[in-house]
Amino acid sequence: MPSWQAHLLKNFFRLRRITKPGAGILDIDKSRSELEALAAKFKTKIELDCTAVEIKKIPAEWISTPEASDDSVILYLHGGSYHSGSINSHRSLAANIGDSAGARVLIIDYRLAPENPYPAAVEDTLTAYQWLLENQYSPDRIALVGDSAGGGLVLSLLVNLRDRNQPLPAAAVCLSPWTDLTCSGESWKTNAHRDIMLDPKSALESAKLYLRETDPRTPLASPLYADLKGLPPILIQVGTDEVIFSDAENFAKKAHAAKVDLILDMWDGMQHEWHFAANFMPEGQHAIERIGRFIWRHIK
């Protein structure tokens, strides 16, 4: 049963959708500014030490909290439908997860569509992970974490590393991952009226901007269509009211068939990326605590 805080937040976003309906056309500049403004409402209460760094022309930032271990690293890949999101918009969420896991966080500003379509984001995530290895971070002390489109990038990175015979990280965590850019899973229809955060039409437009002429079933764009054998332990968290629910469920089924150690953690009545509201909503805090325990167990 969702908490009263969850109901209150859901009603806030429902009212917001009614009073500020979309124009029916994907406006990239508006999407970017709205995500930044929305994320600013969910600040972390944790003391942060943030240091900017450049990774082979990719802007990045180290985030440390008082509980963070210097030799344990989370590589964080933000969401935003491949065309929005930034270090700034996802700093608080990444920091809360890092603090729960007792690890430093490296968050990157990978290149975004439509200026830089697929495979730019995939290339940048690979570059960032390789940079960690080059700087003597042990793969068994690295965890990958990503939300939404960033969750899809996490899974694509795992497949990319395995195919290149490169060392895999200790574990990966995906928050409401977008694993199938065809948006053809059952929940894209059945949850269309329950999900007040994601719009199926806008998601398809975002996928087209990111893919251009690339087949949406390309494994490194839609990891649901990849061979999943040999991947490290994975935790996926998803809300049952999300249109993206099928993306998580179908990926988990395929991963289990491939003998991947994967936990599908389903949250009743939760909306897309409820983790952002961890300082207000108990479900967000509890979900992040589970993430922290999962990462700690695998990198410690």
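See the structure printed just above.
Rules used in this analysis
Residues numbered from 1 in each chain as written. Predicted model: local features only at pLDDT ≥ 70, side-chain atom pairs only at ≥ 80, totals over all residues. Heavy atoms only, no water. Phe/Tyr/Trp six-rings, centres within 6.5 Å; stacked < 30°, edge-to-face > 60°. Helix = DSSP H or I, 4+ residues; strand = E, 2+ residues; numbered from the N terminus. Buried < 20%, exposed > 50% of the residue type's maximum accessible area, 1.4 Å probe, protein only. Pairing = 2+ DSSP bridges. Axes fitted to C-alpha atoms, helices over the stretch in contact; angles between N-to-C directions. Contact = heavy atoms within 4.5 Å. Polar contact = N/O pair within 3.5 Å; in protein donor to acceptor, adjacent residues only side chain to side chain. Core = buried A, V, L, I, M, F, W, Y, C linked by side-chain atoms within 4.5 Å. Disulfide = S-S within 2.5 Å. Right-handed = clockwise from strand over helix to strand, strands pointing away. Salt bridge = Lys/Arg side-chain N within 4 Å of Asp/Glu carboxyl O.

Chemist: Can you walk me through the packing of aromatic side chains in this structure?
Modeler: Given two aromatic rings, their pairing is described by the distance between the two centres and the angle made by the two planes. On inspection of all chains with the given rule, the structure shows 7 aromatic pairs. Aromatic pair tryptophan 4 and phenylalanine 280: ring centres 6.3 Å apart, planes at 85°, arrangement edge-to-face. With a gap of 276 residues between them, tryptophan 4 in helix H1 (residues 4–19) and phenylalanine 280 in the loop between strand E8 (262–267) and helix H9 (282–299) connect regions that are remote in the sequence. Taking relative accessible area as the criterion, tryptophan 4 reaches 59% and is therefore assigned exposed. A centroid spacing of 5.8 Å and a plane angle of 80° characterise the contact between tyrosine 118 and tyrosine 210, whose relative ring orientation is edge-to-face.

Chemist: How should unusual backbone geometry be read in this particular structure?
Modeler: What is expected of a backbone is that most residues other than glycine have negative phi and most peptide bonds are trans. The omega torsion across alanine 113 and proline 114 is 5°, close enough to zero to call that bond cis. Summarising the element assignment, proline 114 is placed in the loop between strand E4 (103–108) and helix H4 (120–134). Residue proline 119 is bonded to the preceding tyrosine 118 through a cis peptide linkage, with omega at 10°. Among the secondary structure elements, proline 119 is positioned in the loop between E4 and H4.

Chemist: Would you explain the sheet that holds strand E2 (residues 58–64) in this entry?
Modeler: Strand-to-strand pairing in sheets goes through backbone hydrogen bonds, with the strands running parallel or antiparallel. The strand order across the open sheet built from 8 strands is E1-E2-E4-E3-E5-E6-E7-E8, with neighbouring strands paired in mixed fashion. Two strands close off the open sheet at either side, each with one partner strand: strand E1 (49–55) and E8. Mean inter-strand twist for the sheet, computed between neighbouring axes without regard to direction, equals 20°. With 4 bridges joining them, E2 and E4 adopt antiparallel strand pairing. Each bridged residue has a counterpart across the sheet, and for alanine 60 the counterpart in E4 is isoleucine 108. The sheet contacts of helix H5 (residues 149–163) involve strand E3 (69–77), strand E5 (142–147), strand E6 (171–175) and strand E7 (234–239), and relative to E5 the element is tilted by about 145°.

Chemist: Just to check I follow, could you spell out the environment of serine 3 for this structure?
Modeler: With respect to the element layout, serine 3 can be found in the segment before H1. Once the C-alpha coordinates of serine 3 and leucine 112 are considered, the two residues, 109 residues apart in sequence, prove to be 35 Å apart. Aside from chain neighbours lying at most four places away, what touches serine 3 is Met281, Pro282 and Glu283.

Chemist: I tried to follow the side chain of serine 64 on my own but got confused; where do I start?
Modeler: Along the chain, serine 64 turns up in strand E2. A polar atom in the side chain of serine 64 sits 3.4 Å from the side chain of arginine 104. Contacts of serine 64, omitting those with residues within four sequence positions, involve Glu47, Leu48, Asp49 and Arg104.

Chemist: What is the right way to look at the nonpolar core in this model?
Modeler: The nonpolar side chains of a soluble globular protein tend to be buried, and buried together. Membership of the largest hydrophobic core comes to 61 residues, with the highest contact counts inside it found for Leu75, Ile108, Trp178, Tyr210 and Ile234. Residue contributions to this core peak at 8 residues, all from H5. When near neighbours in sequence (up to four residues on either side) are disregarded, isoleucine 234 contacts Leu155, Leu158, Ala172, Phe251, Val260, Asp261, Leu262, Ile263 and Phe294. Counting 39 residues, the second-largest nonpolar core is a separate cluster that includes Phe13, Ala103, Val173 and Ile291.

Chemist: What exactly am I supposed to notice about the state of the cysteines here?
Modeler: As used here, a disulfide is simply a covalent bond connecting the sulfur atoms of two cysteines. Throughout the structure, instances matching the rule amount to 0 disulfides. Of all cysteine sulfurs, the one in cysteine 183 lies closest to cysteine 174, which takes part in no disulfide; the gap is 17 Å. On the accessibility criterion, cysteine 174 (0% relative accessible area) is buried.

Chemist: Please clarify how the pairing of E8 should be interpreted in this entry.
Modeler: Look at any regular strand and the pattern is simple: side chains alternate between the two faces of the sheet. One ladder, built from 6 bridges, connects E7 with E8; its direction is parallel. Looking at the pairing, isoleucine 234 lines up with leucine 262 of E8. For the crossover from E7 across helix H8 (residues 245–257) to E8, the handedness is right-handed.

Chemist: Would you mind showing me how to read the pattern of salt bridges here?
Modeler: Note on pairing: side chains with opposite charge can pair once their charged atoms come close. If you walk through the whole model with that rule in mind, you get 9 salt bridges. One salt bridge connects glutamate 134 with lysine 56, and the closest N-O pair in it is separated by 3.2 Å. Note that glutamate 134 is positioned in helix H4 and lysine 56 in the loop between E1 and E2, a separation of 78 residues in sequence. Between aspartate 265 and arginine 290 there is a salt bridge; the shortest N-O distance is 2.6 Å. Of the two residues, aspartate 265 is situated in strand E8 and arginine 290 in helix H9; the sequence distance between them amounts to 25 residues. Here the residues in one salt-bridge network are Arg111, Glu123 and Asp124, joined through shared partners.

Chemist: Explain the environment of serine 202 here, please?
Modeler: Position of serine 202 among the secondary structure elements: in helix H7 (residues 200–211). Each C-alpha atom, one on serine 202 and one on serine 81, is 9.3 Å from the other, the two residues being 121 residues apart in sequence.

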